[in-house]
Amino acid sequence: MFVRSALFLSAVLLMGGCDVTTELGKPCTLVRKATAEEQEAQGREVVEVKEKDIAAEQDFISFGSLECEDLICVRDDQSPRSTDPEAPALGYCSKECVQGTTTGCEITRTVDDVEVGLKDRMTCRPLLLDQDTLDAIRAADESFYRRTFGENNSPYFCAGSVPAASGT
């Protein structure tokens, strides 16, 4: 029995030193809940968001993206856009984070050239309404809140921030 416990403890300690690779920052397609007509026509509960659906210089958060382990796809206002208004809107995988922390939003996976700039500016910041407003919406109408925001209870997500201006 002691040998098994020692082996288990050793395995846990060894795994603690390994870097965990997440999908944070991985490219994904933004989706939204399908209307009843779209569900009937396409047989899907979610549909792709098109470029024309997102205003320029706007943050956009999408819940339900199957391309991301946490089902959250984000496009910040600095993300590249397609010039084709009918093209699917692309973003990157994100996750909830804790306000004021300096860890948790690091991109640990190998990134391609497009993602390199994102890796340098990823931070924990609010993308939804403030916490008090989210709480008030949930208290007023729980079912509406769940249909709109799902199980997410925080306005804070890992997202690219505007790069800080460098001084000379």
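Our subject is the structure that appears above.
Bear in mind that the values here come from a model prediction, so they are computed numbers and not experimental data. (Residues numbered from 1 in each chain as written. Predicted model: local features only at pLDDT ≥ 70, side-chain atom pairs only at ≥ 80, totals over all residues. Heavy atoms only, no water.)

## Re the sheet that holds strand β6 (residues 90-93)
Spatially, four strands are ordered β1-β6-β5-β4 in an open sheet, and the strand pairing comes out antiparallel. The open sheet has two edge strands with one neighbour each: β1 (27-29) and β4 (60-63). Strand-to-strand twist of the sheet, defined as the mean angle between neighbouring strand axes without regard to direction, takes the value 40 degrees. With four bridges joining them, β4 and strand β5 (residues 72-75) adopt antiparallel strand pairing. Looking at β5, one finds that F60 is bridged to R75. (Pairing = 2+ DSSP bridges. Helix = DSSP H or I, 4+ residues; strand = E, 2+ residues; numbered from the N terminus. Axes fitted to C-alpha atoms, helices over the stretch in contact; angles between N-to-C directions.)

## Structural notes on the nonpolar core
Residues V74 and M122 are the most contacted members of the largest nonpolar core, which totals 16 residues. When contributions to this core are tallied by element, the ones reaching two or more residues are β5, β7 (122-126) and β8 (156-160). Excluding residues that lie within four positions of it along the chain, V74 makes contacts with L30, F60, I61, G91, Y92, S94, L127, C158 and A159. Counting residues in hydrophobic clusters, the runner-up holds eight residues, among them C28, I54, C73 and C93. (Core = buried A, V, L, I, M, F, W, Y, C linked by side-chain atoms within 4.5 Å. Buried < 20%, exposed > 50% of the residue type's maximum accessible area, 1.4 Å probe, protein only. Contact = heavy atoms within 4.5 Å.)

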